[in-house]
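The lines below spell out each chain.
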Amino acid sequence: MDKANQALMQHIESTGFPERFILLGERSDPAVCLNAMDVFVLSSCTEGFPNVLGEAMAMGLPCVSTDAGDAAMLMGSREWVVPVRDSKALADRLAQLLALPLEVRQQMGAQARQRVVEQFSMSATADQFMNLYTSLVTAKS
């Protein structure tokens, strides 16, 4: 995702608005990039567990996502999830999110962060595994 990618650069030039694109290349500091955002959009067609969506939620960003992989499960609701490959629905949902008052978006971001901490943090995951192992051991007893 940098200017050395000739095919990508051709697509960007064909938009007629190449100045609107910023290609950062490979980054080792995603938190810096996420911290610069007001909202996060995942437009994937395919995913497993979309780590980047969880990272955005952990940073307290309100999110809109396509229904790729476990995105809806991660977000905990389908309210801000649209069908895969439906760019109009994604754009419409993003416009709805951006039209919300800042305080509402901030509250959504705080709730997203809380969900990640409670459901997907290392300690929450460790607790879930311990509960699973305990239930398996007691079931055999």
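Here's what I pulled together on the structure shown here. (Residues numbered from 1 in each chain as written. Predicted model: local features only at pLDDT ≥ 70, side-chain atom pairs only at ≥ 80, totals over all residues. Heavy atoms only, no water.)

1. Details of the side chain of Ser65
- The residue Ser65 is located in strand 2 (residues 63-66) in this model.
- Taking relative accessible area as the criterion, Ser65 reaches 0% and is therefore assigned buried.
- Contact partners of Ser65, with chain neighbours within four places excluded, come to Leu42, Leu53, Ala71, Met75, Trp80, Val81, Val82 and Leu90. (Helix = DSSP H or I, 4+ residues; strand = E, 2+ residues; numbered from the N terminus. Buried < 20%, exposed > 50% of the residue type's maximum accessible area, 1.4 Å probe, protein only. Contact = heavy atoms within 4.5 Å.)

2. Some remarks on the sheet that holds strand 2
- Taken together, three strands build an open sheet; the order of strands is 1-2-3 and the sheet is parallel. Both edges of this open sheet fall to strand 1 (40-42) and strand 3 (81-82), since each of them pairs with a single strand only.
- Strand direction decides the pairing type here: strand 2 and strand 3, joined by two bridges, are parallel. In the strand pairing of strand 3, Thr66 is matched with Val82. (Pairing = 2+ DSSP bridges.)

3. Details of the packing of helix 6 (residues 102-120) against helix 7 (residues 122-140)
- Put simply, helix 6 and helix 7 touch, their axes get as near as 5 Å, and they point 35° apart. Residue-level inspection shows Val117, Glu118, Gln119 and Phe120 of helix 6 in contact with helix 7, the latter providing Met122, Ala124, Thr125 and Gln128.
- Its residues assigned to classes, the contact of helix 6 with helix 7 shows four nonpolar, three polar and one charged. (Axes fitted to C-alpha atoms, helices over the stretch in contact; angles between N-to-C directions. Nonpolar A, V, L, I, M, F, W, Y, C, P; charged D, E, K, R; others polar.)

4. Observations regarding helix 1 (residues 6-14)
- One side-chain oxygen at the N-terminal end of helix 1 lies 3.3 Å from the backbone nitrogen of Ala7; it belongs to Asn5.
- Backbone geometry just downstream of helix 1 places Gly16 in the positive-phi region, at approximately 85°. (Polar contact = N/O pair within 3.5 Å; in protein donor to acceptor, adjacent residues only side chain to side chain.)

5. Here we look at helix 6
- Spanning 19 residues, helix 6 covers 26 Å between terminal C-alpha atoms, matching the ideal 27 Å at 1.5 Å per step.
- Among the residues of helix 6, Arg105, Met108, Gly109, Ala112 and Val116 are the ones counted as buried. Down the axis of helix 6, the sector holding all buried residues measures 100°, keeping them to one side. (Expected span 1.5 Å × (residues − 1). Arc of directions from axis to C-beta.)

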